[in-house]
Every structure is written in C-alpha cells, then in structure tokens.
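In case you want the letters, here they are:
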Amino acid sequence: MRAHFTAIAAYNFSVSAPIRILLNGAPRELPAALTFAQLIDELALAGRRLAVERNGEIVPRSRFGAEALADGDRIEVVIAVGGG
C-alpha cells in the first residue's frame, strides 16, 4: 500500500494548478506559474524594450528567467516607445 501512496504523492507534486493574476489591470488566468521570461514570450514581447512591475516593485531584467509569477500577483508591463 505504501508504494501506491508514494505514486500518488509524486503525481500531486508534478501537477501545476492554474494561477490568476492581474496583467495591466485585466484579470488573466495562466495554466501554471510561469517565469517572467515565459510570460513575456507568451505575450509576444520578447526582444522589446520593456519594464515589468510585480505588486509595485520593479523586476530586474536579470531576474526574468528565475522569478515565477504567483497567484494573485499584480503585474504591469510597460513598453518603451521611442520618438522625438
């Protein structure tokens, strides 16, 4: 019976639950906790000049690949616009 419990426990740890965030003021549900880099890819913004804020704090670009979104996060993505 113990082997059966271990298999169930391992399965539960490998399944990700969806998370809900606010993205630029709009509710959004994601299938799992993405990193900021994955979110930017998902939004087709990779390579763009942008800034990301999480719950009022700027997320350094150097942390985009390491930090993951969490349920309830308030995310603001601001794209730099050039011009004169």
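Residues numbered from 1 in each chain as written. Predicted model: local features only at pLDDT ≥ 70, side-chain atom pairs only at ≥ 80, totals over all residues. Heavy atoms only, no water.

> Can you break down the environment of Arg28 residue by residue, with the values?
Counting through the fold element by element, Arg28 comes out in strand S2 (residues 26-30). Once residues within four sequence positions are removed from consideration, Arg28 is found in contact with Ile19, Arg20, Ile21, Leu23, Glu42 and Leu43. (Helix = DSSP H or I, 4+ residues; strand = E, 2+ residues; numbered from the N terminus. Contact = heavy atoms within 4.5 Å.)

> Give me the lowdown on the pairing of strand S1 (residues 19-23), citing residues and values where you can.
Side chains Ile19, Ile21 and Leu23 project from S1 onto a buried face, and the interleaved Arg20 and Leu22 project onto a face without burial. Relative to S2, S1 runs antiparallel, the two sharing 5 bridges. Bridging across to S2, Leu22 finds its partner in Pro27. The hairpin turn running from S1 into S2, its antiparallel successor, is 2 residues long, and Asn24 in that turn takes a positive phi close to 50°. Pairing analysis gives 2 bridges linking S1 to strand S5 (residues 74-79), with the strands arranged parallel. By the bridge assignment for S5, Leu23 is matched with Ile75. (Buried < 20%, exposed > 50% of the residue type's maximum accessible area, 1.4 Å probe, protein only. Pairing = 2+ DSSP bridges.)

> Tell me about the pairing of S5, and name the residues and values.
Of the pairings in the sheet, the one linking strand S3 (residues 50-54) to S5 comprises 5 bridges and is antiparallel in character. Within S5, the residue paired with Glu53 across the bridge is Glu76.

> Give a detailed account of the pattern of salt bridges, specifying residues and quantitative values.
As a working rule, side chains carrying opposite charge can pair if their charged atoms are close by. As enumerated under the stated definition, the model contains 4 salt bridges in all. Arg20 is the salt-bridge partner of Glu29, the closest N and O atoms lying 3.3 Å from each other. Through salt bridges that share partners, Arg54, Arg63, Glu67 and Asp73 make up one connected network. (Salt bridge = Lys/Arg side-chain N within 4 Å of Asp/Glu carboxyl O.)

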